[in-house]
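# Results of the structural survey
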2 protein chains.
Amino acid sequence: MTDKQHWLPITQENIQKAHSLVKPYIYETPVLTCKTLNSLASTPQTPDALKGTPFEGQQPARPKINFFFKCENFQRIGAFKVRGAFHSILRVIQTKGNHAQAVALAASTLSIPAYIIMPSISLPSKIEATKGYGGKVIFSGSTSDEREAVVRKAQEETGAILIHPYDHPDTVLGQGTAGLELEAQVNKLVSETPGLSVRLGKDGKGCGLDAVITPLGGGGLNSGTASFFAEPRENGKKIYVFGAEPSFQGADDARRGLKAGERIPAVKSLTIADGLRTPMGEIAFSILSDSSKSRGVFSVTEEQIKSVMKLVVERMKIVIEPSAAVPLAVCLFDEEFRQIVEREAGEDGWNVGVIFSGGNTTIEAMSQLFATSSS
Amino acid sequence: MTDKQHWLPITQENIQKAHSLVKPYIYETPVLTCKTLNSLASTPQTPDALKGTPFEGQQPARPKINFFFKCENFQRIGAFKVRGAFHSILRVIQTKGNHAQAVALAASTLSIPAYIIMPSISLPSKIEATKGYGGKVIFSGSTSDEREAVVRKAQEETGAILIHPYDHPDTVLGQGTAGLELEAQVNKLVSETPGLSVRLGKDGKGCGLDAVITPLGGGGLNSGTASFFAEPRENGKKIYVFGAEPSFQGADDARRGLKAGERIPAVKSLTIADGLRTPMGEIAFSILSDSSKSRGVFSVTEEQIKSVMKLVVERMKIVIEPSAAVPLAVCLFDEEFRQIVEREAGEDGWNVGVIFSGGNTTIEAMSQLFATSSS
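Rules used in this analysis
- Residues numbered from 1 in each chain as written.
- Chains lettered and ligands numbered in written order.
- Predicted model: local features only at pLDDT ≥ 70, side-chain atom pairs only at ≥ 80, totals over all residues.
- Helix = DSSP H or I, 4+ residues; strand = E, 2+ residues; numbered from the N terminus.
- Rg over C-alpha atoms; globule rule 2.2 N^0.38 Å.
- Buried ≥ 20, exposed ≤ 12 C-beta atoms within 10 Å, placed from the backbone.
- Contact = placed C-beta atoms within 7 Å.
- Axes fitted to C-alpha atoms, helices over the stretch in contact; angles between N-to-C directions.
- Left-handed = near helix turned anticlockwise from the far one by under 90°.
- Nonpolar A, V, L, I, M, F, W, Y, C, P; charged D, E, K, R; others polar.
- Core = buried A, V, L, I, M, F, W, Y, C linked by C-beta atoms within 7 Å.
- Pairing = 2+ DSSP bridges.
- Domains from an automatic or database assignment.
- Parallel < 35°, antiparallel > 145°, perpendicular 65-115°, else oblique.
- Least-squares fit on C-alpha atoms with pLDDT ≥ 70 in both.

So, about the overall build of chain A. Across its full length, chain A carries 14 helices and eight strands. For chain A, whose C-alpha radius of gyration is 20 Å, the value lies close to the compact-globule estimate of 21 Å for 375 residues. Each of the three principal axes of chain A carries a C-alpha extent, and together these read 60 × 50 × 40 Å. Looking at chain A residue by residue over its 375 residues, the buried ones come to 46%. For chain A, contacts bridging at least 24 residues in sequence account for 74% of all contacts bridging at least 6.

If you want it as structure tokens, here you go:
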């Protein structure tokens, strides 16, 4: 990170600019709704489900929720990550001037050499897909220290520019474009779709989003989304942003770090939500520490993540990877989150945007997940 | 079938009327495209894949195909079947006059009692879902003779009206509405989507459908689709309709029966495409015997069906049931079909509409399918 003089502020305006840059290279993924999931979320959990939690013995919350699922599992390469990657590379071309443009033109014709540093424990399907897109894969250990050492070595040997997966403003701005599309698409859906399950305003018309929840690993997507929704909208309405993590083996580092006021720099978790094993980055920590941007981070168990994958596959008929199931698991199973919605939304309920971050899994991986689980 | 005096002719016009009737009750499911599958379909098979077929030793065909997938897996109840069911019930209300309307109004308020005759070997998930929608399930054997005996007995005991799953014009007309939507949606997509992979006309503009292929079990969907596309379109263009069946244990009864000029009335196949185990009905046989309506029926193996399910789950990130994978399997693996496309479409290629008929499966069912297969 030696190029801080070129760093853009992470604002709604710069996310709009990022969107104009990346738009030609990404899909505008659809926003889907699902009455079955609305109805499940709006049904109180059983008292049994609260056993062993701080809510044991209390009346389970009865929040009313209408979901809007932003399907980044249908995005190019099957995940939102292309947003940050395209934005970062396009920004390198912008800031390095003509020389870089000339190089890029040549490179795009000849295909840019890209060195991809991946933990050696990555899913074989992800390694194969990366190679399939022409990336040269270099393996590293799975901690960030191990990874950064390999990155430095590769940069010295190849002279390559680092495109960070989450801890760089260009990446965060790019990921924030998912939130931008979600807001516009929900407003359009609500105004054009008769009979949609949606919170109604005093004028009897459907309202836009009340809250958005995204997965949180390195924090690029969550902090980009939080930045996009930082300011109240034109009608004075504030749209709240929540983060969602797995709790397994300490993967809830963001939740714990934000509570303690200090970022947790290392995580060693083998949660099934393999995209969320990364510790939260410095930029995300600083954005999400601002309570005007983030309403908090919630975490769920491995079994809750699996339940949601099963619900989404069998009810919505779409494929999401375990990491993408985490925010919906918070909405369905985290009693603290559900109490917030019940208390603040009341009878009207909330329209909750959920970012399905990716869909990179295989039938075999799903089989294995559910074979080892049937307890 | 004692009400033949009320039978409507199965024509494009009556399918349009059926669509107006059912539209408020069904979803207009999306039409998706997928560059990876276009590219796979447009790559010749390996010579090995042709071993043991009549095409062994020949040059594999190099057809050019752009797919348009009509996603009835996202339909209400997860399958196109609601089209025929709603149309049949709405037609009963129409033809029986005020009395039936009054009964229906009462019934819809009190919830209509529906007796559902299902083979006892049906998937437990389908049985549960049927009960979940309030149907009273009555089990029968799996042959059509066994089923019809149980149906007659239930009718005598309850006085219920039979809503046939495929062999009644109202059902066929309802299923044909999937083809109607597909054509309109493809025309809209082609005209509104820059950069879409599509056959171009002489004017450089994208063209509509050249062919449509659907699964064929009882034949309601395939014969309804064939009837909708029977006449050339306004521009003089004929859109061809193909059928697709599993070949396992004689489930390719339609293909064999049409070739022999005589319908095969019974099938005993345990193909994984469990929606296509039914023998083709009389109405479908008569429609599909007309070569101006059907371009023929093709069949594929269990392994080919599984390959396609895996491709669709892992590349398109959507869930289809085995029966829904059969038409795409024909496009990818049936050399005779592929030669037709190569010969007739040439360099321009064809725009092929594929009806993904349903998505009713479970993670466990998929796991089992792929666990027993890994040979």
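Right, let's talk about the packing of helix α7 (residues 169-192) of chain B against helix α8 (residues 220-228) of chain B for a bit. Think of two packed helices as two axes; the pair is described by the angle between the axes and how far apart they sit. All names here are of chain B. At a closest axis distance of 7 Å, the pairing of α7 and α8 adopts a crossing angle of 65 degrees. As α7 packs across α8, the resulting crossing turns out to be right-handed. On the side of α7, the interface is formed by T171, V172, L173, Q175, G176, A178, G179 and L180, while α8 contributes G220, L221, S223, G224, T225, S227 and F228. A class-by-class count of the residues in the contact of α7 with α8 yields six nonpolar, nine polar and no charged.

Take the nonpolar core next. Formed by 173 residues in total, the largest nonpolar core has its most connected members in A325, A329 and C331 of chain A together with A325, A329, V330 and C331 of chain B. Discounting residues that sit within four places of it in the chain, C331 of chain B has contacts with A41, I65, I213, F337, V352 and V354 of chain B.

Next up on the list: the interface of chain A and chain B. In this complex, chain A contributes 17 residues to the contact, which on the side of chain B involves 17 residues. Those elements that provide at least two residues to the side of chain A that touches chain B are α11 (302-316) and α14 (363-371) of chain A. Class assignment of the residues belonging to the side of chain A that touches chain B gives a composition of eight nonpolar, five polar and four charged.

What follows concerns helix α9 (residues 253-260) of chain B. All names here are of chain B. Along α9, the positions that sit buried rather than exposed are D253, A254, R255, G257 and L258. On its buried face, α9 sits against β6 (240-246), α10 (282-288) and β7 (297-300). Two residues or fewer after α9 comes G261, characterised by a positive phi angle close to 75 degrees.

Attention now goes to the sheet that holds β7 of chain B. Across a sheet, paired strands are connected by hydrogen bonds in the backbone, their directions being either parallel or antiparallel. All names here are of chain B. Taken in spatial order, the six strands of this open sheet run β1-β2-β8-β5-β6-β7, and their pairing is mixed. Since the sheet does not close on itself, it has two edges, and those belong to β1 (31-32) and β7, each with one partner. Sheet topology places strand β2 (residues 65-71) next to strand β8 (residues 350-356); seven bridges connect them, and they run parallel. Its bridge partner being in β8, C71 is matched across the sheet by F356. Running at roughly 135 degrees to β8, α7 makes contact with β1, β2, β5 (211-215) and β8 of the sheet.

It is worth spelling out the domain arrangement of chain A at this point. Residues and elements named next belong to chain A. Here the domain parsing of chain A yields domain 1 (12-79 + 168-371) and domain 2 (90-158). The C-alpha centroid of domain 2 is placed 28 Å from the C-alpha centroid of domain 1. Taken residue by residue, the interface counts 10 residues in domain 1 and seven residues in domain 2. Among the residues forming the side of domain 1 that touches domain 2, the class breakdown is five nonpolar, two polar and three charged.

Note that I363 of chain A resides in helix α14. Sequence separation between I363 of chain A and V319 of chain A is 44 residues, and the spatial gap between their C-alpha atoms is 9.8 Å.

Residue and element names in this part refer to chain A. Direction vectors running N to C along helix α3 (residues 81-95) and helix α7 (residues 169-192) enclose 135 degrees, while the axes themselves pass 7 Å from each other. On the basis of their axis angle, the class for α3 and α7 is oblique. Note that α3 runs across α7; the crossing there is right-handed. Taken together, the residues of α7 that come into contact with α3 (itself represented by R83, G84, F86, H87, S88 and R91) are D170, T171, L173, G174, Q175, T177 and A178. Partitioning the contact of α3 with α7 into residue classes produces three nonpolar, seven polar and three charged.

Attention now moves to the relation of the copies chain A and chain B. Once turned by 180 degrees and shifted 0.0 Å along the axis, chain A lies on chain B with an RMSD of 0.0 Å. Overall, the copies show the geometry of a two-fold rotation axis. Here 100% of the contact residues of chain A are again contact residues in chain B; the copies associate through an equivalent surface.

So, about the pairing of strand β2 (residues 65-71) of chain A. Note on strand geometry: in a regular strand, side chains alternate between the two faces of the sheet. Where burial is concerned, most of β2 of chain A is hidden: seven out of the seven residues are buried. Burial of β2 of chain A is two-sided: the residues I65, F67, F69 and C71 of chain A facing one way and the residues N66, F68 and K70 of chain A facing the other way are all buried.

Residues and elements named next belong to chain A. Locating E72 in the fold gives a position in the loop between β2 and α3. Residue E72 is classed as buried on the basis of its C-beta count, with 30 C-beta atoms lying within 10 Å. Residues E72 and I355 lie 283 residues apart in sequence; the distance between their C-alpha atoms is 7.0 Å. With near-sequence residues (within four places) excluded, E72 lies in contact with T29, A79, F80, A178, I355, F356, S357 and G358.

All names here are of chain A. Strand order in the open sheet formed by six strands is β1-β2-β8-β5-β6-β7, and the pairing between neighbours is mixed. Two strands close off the open sheet at either side, each with one partner strand: β1 (31-32) and β7 (297-300). Docked against the sheet, α7 engages β1, β2, β5 (211-215) and β8 (350-356), running at close to 135 degrees with respect to β8. Its contacts with the sheet put helix α12 (residues 322-333) on β2, β5, β6 (240-246), β7 and β8, and the angle it makes with β5 is roughly 135 degrees.

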